[in-house]
Structures are given as C-alpha cells and as structure tokens.
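# Summary of structural features
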Amino acid sequence: MAEKRSKPVPRPYQDTKAYWDAAKEKRLIFQRCLDCSKPQFYPRGVCSHCLGSRLEWLDSSGRGKVHTFTVSYRAPHPGFADELPFVIAIVDLEEGFRMMSNIVGCDPGIVRIDMPVKVVFEQLTPDIVLPKFSPA
Ligand SMILES: [Zn+2]
C-alpha cells in the first residue's frame, strides 16, 4: 500500500511573513502601494504597478466574487488525491485585488463565475493556515 503523501507547504519569507502571520489569526491581508494607491496580491517587496517600495498592509473583508475557475479531477501532487475533485478559482476581492485559491464547502458543480464568496481558513499545519473561499 502506498504511503500517504502530505501536501507541499508554503514557506514564508521576508516579503510574505506578515501575510502568513495574519492568516494564522484568521485574517486575510493584502498590500497597497503608498505611491500609486493600487492594491496588489500576492505579497511582494515592491509595487507591481509602479515599482514603488512603500507598501502598507491592509485587512480585507474577505468578501469577493469568482472571476474564473476550473474543477480539477487529477491531483497535481499525491497529497491532493483525497480532495478530488476540487475547485481552483481566481477570486476578485471587494478591495480590488485578485487571488488564486480554492472554493470549498460546496459541491464543485454549483460554482459559477460572479458567484459571491467569503474567505474561510484551513489549518494546513500547526504553522500554516490557508485562506480559501466558500459560497457567501
Ligand atoms: Zn505603486
């Protein structure tokens, strides 16, 4: 019998540590540039719009809509095999940033573009909590 494989786990580093620390507190945060005022996601050391380095962290409401999605019937890694099928989605948050995540807590067949969703948090390991989304 094959040994059960665990999922790959995110490894926080300087630019992402604040994000992962907030997720552990069940908060979804994102960066906004203090020079051009645009939000960005994923966390980076500079603004992806103007290359400014003055970034602030803000709390997201966690509310958004599905921009697009797909349903995966094949595990990209053996650690995901128990969750098939699962939904991979791009979610537009109401603060104006967009992130890739999973839609959970529902049948994959009900997921639709523009469906309202809200953030939920999945404890992956004692140190890593993953923001995911479920129907609002
Ligand atoms: Zn900027």
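Residues numbered from 1 in each chain as written. Predicted model: local features only at pLDDT ≥ 70, side-chain atom pairs only at ≥ 80, totals over all residues. Heavy atoms only, no water.

### What about the overall build of the protein?
The number of helices and strands found in the protein is 1 helix and 8 strands. In the protein, the succession of helices and strands from N to C terminus is α-β-β-β-β-β-β-β-β. Its C-alpha atoms give the protein a radius of gyration of 16 Å, within 12% of the compact-globule value 14 Å for 136 residues. When the backbone C-alpha atoms are referred to their principal axes, the protein occupies close to 55 × 30 × 25 Å. Across the 136 residues in the protein, those meeting the buried criterion constitute 33%. For the protein, the distance from the average position of its 19 positive side-chain charges to the average position of its 16 negative side-chain charges is 2 Å. (Helix = DSSP H or I, 4+ residues; strand = E, 2+ residues; numbered from the N terminus. Rg over C-alpha atoms; globule rule 2.2 N^0.38 Å. Buried < 20%, exposed > 50% of the residue type's maximum accessible area, 1.4 Å probe, protein only. Lys, Arg positive; Asp, Glu negative; His and termini not counted. Charge placed at Lys NZ, Arg CZ, Asp CG, Glu CD.)

### Quick notes on the coordination of the zinc ion
The protein atoms donating to the zinc ion are Cys33 (SG), Cys36 (SG), Cys47 (SG) and Cys50 (SG), with metal-donor distances spanning 2.3 to 2.4 Å. Viewed at the metal, the 4 donor atoms of the zinc ion are separated by angles of 106 to 117°, and the geometry they form is tetrahedral. Judged by relative accessible area, which is 1%, Cys33 ranks as buried. We classify Cys50 as partly exposed; its relative accessible area is 37%. (Donors = N, O, S within 2.8 Å, 3.2 Å for Na, K, Ca; no water. Tetrahedral: all angles 85-135°; square planar, octahedral: opposite > 155°, others 65-115°.)

### Considering the pairing of strand S1 (residues 29-33)
Counting buried positions along S1 yields 4 of 5 residues, so the element is predominantly enclosed. Here 5 bridges tie S1 to strand S3 (residues 55-59), and the two strands are oriented antiparallel to one another. Paired with Phe30 across the strands is Leu58, a residue of S3. Hairpin connection of S1 to strand S2 (residues 39-40): 5 residues between the antiparallel strands, including Ser37 at a positive phi of 70°. (Pairing = 2+ DSSP bridges.)

Nothing here speaks to function; it is all geometry.
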